[in-house]
Amino acid sequence: MKIQFAGAASGVTGSCHHITSGEHQILLDCGQFQGGKAQEALNYEEFPFNPAEIECVVLSHAHIDHCGRLPLLVKRGFKGKIYCTDATADLLDIMLKDSGYIHEKETEWQNRKGERAGREMVEPLYTFEDAVDTLQYVEPVRYDQLIEINDSMKIVFNDAGHILGSAIVELWVTEDDKESKLVFSGDLGVQGRPILRDPTMIKKADFVIMESTYGNRLHPANEASLKDLLEIVLNTTKRGGNVVIPSFAVGRTQELIFEFNRFYNENKEFREELDKIKVYIDSPMATNATEIFEKNAQVFDEETKDYILKGDNPLDFPNLEFTRSSEESQALNSDPTPKVIISASGMCEAGRIRHHLKHNLWNKNNSIVFVGYQAEGTLGRAIVEGAESVSLFGEDIAVNAEIHNLEGFSGHADQNGLFAWIASFEKVPSKVFLVHGEEESKEAFAELIKEKLGYESVVVRGNSEFELDMETAKLVNYSEANDEGVLYEEVQKVRKQISNVHSDIERILYNANLAMGKGISEEQLVEIKNIVQELEKATINLGTAVTERFAERWIADEEKEDEMDRRLPG
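From a predicted model like this one, the values you see are computed outputs, not experimental measurements. (Residues numbered from 1 in each chain as written. Predicted model: local features only at pLDDT ≥ 70, side-chain atom pairs only at ≥ 80, totals over all residues. Heavy atoms only, no water.)

Colleague: Can you walk me through the overall build of the chain in this structure?
Modeller: Across its full length, the chain carries 18 helices and 23 strands. Taken over 570 residues, the chain has a buried fraction of 54%. Partitioning the contacts of the chain with sequence separation of at least 6, the portion at a separation of at least 24 is 75%. (Helix = DSSP H or I, 4+ residues; strand = E, 2+ residues; numbered from the N terminus. Buried < 20%, exposed > 50% of the residue type's maximum accessible area, 1.4 Å probe, protein only. Contact = heavy atoms within 4.5 Å.)

Colleague: Looking at this structure, how should I read the packing of aromatic side chains?
Modeller: Two descriptors summarise a pair of aromatic rings, namely the distance from one centre to the other and the angle between the planes of the rings. Per the stated rule, a full pass over the model turns up nine aromatic pairs. Considering the side-chain rings of W421 and F425, the 5.3 Å spacing of their centres and the 90° angle between planes classify their relative orientation as edge-to-face. The pair W421 / F425 is uniform in exposure class, with both members buried. Clustering of aromatic rings is evident, with ring pairs tying together F5, F433 and F466. (Phe/Tyr/Trp six-rings, centres within 6.5 Å; stacked < 30°, edge-to-face > 60°.)

Colleague: Would you explain the nonpolar core in this entry?
Modeller: Ranked by internal contacts, the top residues of the largest apolar core, which has 105 residues, are I149, L182, L229, I245 and F260. Here this core takes seven residues from helix α4 (residues 86–117), the largest share from any one element. Those residues in contact with F260, other than ones at most four positions away along the chain, are L229, V233, I245, V279, F317, V340 and I342. With 21 residues, the next largest nonpolar core counts V183, L418, I449 and V459 among its residues. (Core = buried A, V, L, I, M, F, W, Y, C linked by side-chain atoms within 4.5 Å.)

Colleague: Even after reading the chapter, I still don't get the pairing of strand β11 (residues 207–211), so can you show me in this structure?
Modeller: Looking down a regular strand, the side chains alternate between one sheet face and the other. Counting buried residues in β11 gives five out of five residues, a clear majority hidden from the surface. With burial as the criterion, each face of β11 is covered, one bearing F207, I209 and E211 and the other bearing V208 and M210. Relative to β11, strand β10 (residues 178–184) is paired through three bridges, and the arrangement is parallel. Residue pairing in the sheet places V183 in a bridge with V208 of β11. The pairing of β11 with strand β20 (residues 431–435) spans five bridges and is parallel. From the neighbouring strand, M210 faces β20, where its bridge partner is L434. (Pairing = 2+ DSSP bridges.)

Colleague: Would you explain the pairing of strand β16 (residues 367–370) in this entry?
Modeller: Of the two faces of β16, both are covered, the one formed by S367 and V369 as well as the one formed by I368 and F370. Sheet analysis places β16 next to strand β19 (residues 402–405), joined by four bridges and oriented parallel. The partner of I368 across the bridge, within β19, is I403.

Colleague: What is the right way to look at the sheet that holds β16 in this model?
Modeller: Strand pairing in a sheet is mediated by backbone hydrogen bonds. Such pairs are either parallel or antiparallel. The parallel open sheet is built from six strands, whose spatial order is β14-β13-β15-β12-β16-β19. Here the strands that pair on one side only, and so sit at the sheet edges, are β14 (320–322) and β19. Sheet twist, expressed as the average angle between the axes of neighbouring strands with direction ignored, equals 20°. In the sheet, strand β12 (residues 243–246) pairs with strand β15 (residues 339–343) via four bridges, with the strands oriented parallel. Of the residues in β15, the one forming a bridge with V244 is I341. Packing against the sheet, helix α12 (residues 353–360) makes contact with β12, β15 and β16, and its axis sits at approximately 150° to β12. (Axes fitted to C-alpha atoms, helices over the stretch in contact; angles between N-to-C directions.)

Colleague: Where do I start with helix α5 (residues 128–135) in this structure?
Modeller: One turn of an α-helix holds 3.6 residues; hence residues three or four places apart share an orientation. The complete set of buried residues in α5 reads D130, A131, T134 and L135. Along the axis of α5, the buried residues cluster in a sector spanning 145°; they form a single face. In this structure, the buried side of α5 is in contact with α3 (70–75), β5 (81–85), α4 and β6 (138–141). (Arc of directions from axis to C-beta.)

Colleague: Any chance you could explain the sheet that holds strand β7 (residues 147–150) here in plain terms?
Modeller: Strand order across the open sheet formed by seven strands is β7-β8-β9-β10-β11-β20-β21, with mixed pairing between neighbours. Each edge of the sheet is formed by a strand with only one pairing partner; in this case those strands are β7 and β21 (458–459). Where β20 and β21 come together, two bridges link them in parallel fashion. When the bridges of β21 are listed, L434 appears paired with V459.

Have a look at this one:
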């Protein structure tokens, strides 16, 4: 059996793991890369396998970084089944359609802008119709149901406790009359959180592919974050401000609704103040996802089921309002009444949240509250890390609002949660492959596993490929694959730098044009543009030089060069 890591190997997005056994090829996840321009560009690269040869996809859950390239896979030739839990199947219907619609609209905007600049037109990664076409291949199954996906592989989905329908995958593979078991963690949730059950502890595995998003960090206690959120809401609205919460439409939004429901029911001493505060869910997808949550109450935890049995809908309360139309969304920013706005996307990369940030970030009376992971290169990450201003819709917006990052709401297990899960195996796995984490997170967690459990784990980098058997886990062409991972990392750093320079250039030119009416001459503006163009040219040349240097160092012959072009972005 071979594993090729084709996504979420050098970061936290684009989850995709290619499994080959004999004549069979399957994928664990097929997610979209998310973040800055450098990450988004990876979505347009060729897959490091032939989509038409993939028999099936085993999908861990419905977040876009795990499912978002499924329509692209179908578009490029895949025609097999997509196995997932029944709740995930329900969510996929809205997630993929929404993603296709966003790709279409973003491409329309880029082409309008590009046409004015004389650039060639571009195609969307995939369309709404591509997403609809993909849904015909979805094969829903239940938790704990044993499914034979071919004559030598079978799977079981276990509850991962991350979002509705999320799963830990057990995969049994038979080769030469030997059966080995691989466990894919997907994204692991947090123990003791509302609505969803705790992640399932698995007892045995020969090999483990494990996420490590928070492999180097601990979350504050959820109770502390709840107390902080209540204080932020009360303090902000008292001074006449809004509380804006960027939130993932699936998972975090429903948990926030649950917690606000408790605020309004249990905090009697603040009841008079809370009764004046409306909470708006301003995301059509979040609204649809909440309805799907209500349809799938069979997978809720006991606490949430008790709420329902008492006649209380845990996903609704009197002060909650859902906005669907763009007109309703726009009205929130013209209404001076203090309020809470929960809107997608959670990393502020698309959707209505960007409009709300434009209208609220500049005002010191407002508060922006982050409740989920902010990937490197995203707008959300820039704000959390202290950016003084950000660019939104071609306009520089000062960051004057209070910024809060409540990691106690994260849907990912922290270091302690991850360690508790891997330590629960009664049989020591032959190998643990760490993915879905930034470099320092994976390294720190690998050290913890070695120190506490006494065995080595593999920090996966780039499109590395491993060959496995019942007794050992061996990397194919270890040094070359390892070097390839280093090259991948270096290329991504350069691409990120170039992306940042492009953003800076656009902001400089935008401000220079604004300044035309404030004393700057046309000659000075031309000079500024010339300097910026030289800077851009130098940066691109630097990126090219670095890429060529690494290519010359590691690519020894034409065959390897072709393979590298196929595998690596750029």
